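# Structural overview
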Amino acid sequence: MGPPGVGKGTQACGVAAHFGIPAISTGEIFRYHVKNQTPLGQQVSAIMSSGGYVPDEITNAIVAERLRLDDAAQGWLLDGYPRTAGQVEALDATMQASGEHLDAVISLTAETDLLVSRLLKRAEIEGRADDNAETIRHRMAVYHDATDPLLATYAERGLLVEVDGIGSIDEVSERITHALSVKLS
Ligand code: AMP
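Residues numbered from 1 in each chain as written. Predicted model: local features only at pLDDT ≥ 70, side-chain atom pairs only at ≥ 80, totals over all residues. Heavy atoms only, no water.

With that settled, the discussion passes to the overall build of the protein. Helix and strand content of the protein: 8 helices and 4 strands. Moving toward the C terminus, one meets the helices and strands of the protein in the order α-β-α-α-α-β-α-β-α-α-β-α. Relative to the globule expectation of 16 Å for 185 residues, the C-alpha radius of gyration of the protein, 16 Å, shows essentially globular dimensions. Structurally, the protein occupies a C-alpha span of about 40 × 35 × 30 Å along its principal axes. (Helix = DSSP H or I, 4+ residues; strand = E, 2+ residues; numbered from the N terminus. Rg over C-alpha atoms; globule rule 2.2 N^0.38 Å.)

Have a look at this one:
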């Protein structure tokens, strides 16, 4: 978990590779559908461009379905999910049904100003429609209102691992690996 631009996607891939499990990114799944203009893509395209959240019913169904695939049988890492209280509940229910549990929730932290400039730079490179100044501000606000409070929920459950997200990819990745080894030992 972490605010837009903090580097969740990059770090998720590294951590998942380290543990030999799939990194499942809801943002990536949605972007695939938008790019390929599937019915789901057409449904979520405008929401994503505005920087808002895709409704929980859609997001929860996609994650539940994805976690049932064979490659997720030995574990998984979710990137960018859950992002709302409703998604926390849905994930709890999905895991309860399959007899799974969370080992840890990684929270990557960084200053908002720095993230905004990172996102603007990424917009230039990747041309993402949800990365312009206005939508970035909106995405930060939505994160603050809907997702930031969920960290307290996971902290209360004793699952939260907070990691400073500022630094090189390798530095942050090392911090995560170290924090996780402490947490999981
Ligand atoms: P991300 O790549 O994780 O920043 O996600 C890009 C966009 O996809 C977000 O700004 C949302 O519009 C949508 N999205 C991704 N994950 C979720 C989620 N868990 N709940 C709702 N919308 C999501």
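Turning to the side chain of histidine 33, a few remarks are in order. By the secondary structure assignment, histidine 33 is in helix α2 (residues 26–35). Within the structure, histidine 33 has its side chain in polar contact with the side chain of threonine 38 (distance 2.8 Å). (Polar contact = N/O pair within 3.5 Å; in protein donor to acceptor, adjacent residues only side chain to side chain.)

Lining the immediate environment of the ligand, one finds 16 residues, of which Thr26, Arg31, Gly52, Gly80 and Gln87 sit closest. For the ligand, an oxygen atom lies 2.9 Å from a polar atom in the side chain of arginine 31. Here a nitrogen atom of the ligand and a side-chain polar atom of glutamine 87 are 2.9 Å apart. Contact with the protein chains removes 96% of the 480 Å² of surface that the ligand exposes when unbound. Counting residues per element, the shell around the ligand draws most heavily on α2, which supplies 4 residues. In terms of residue class, the shell around the ligand is built from 5 nonpolar, 6 polar and 5 charged. (Near = heavy atom within 4 Å. Areas by Shrake-Rupley, 256 points an atom, 1.4 Å probe, with all protein chains shown as cover. Nonpolar A, V, L, I, M, F, W, Y, C, P; charged D, E, K, R; others polar.)

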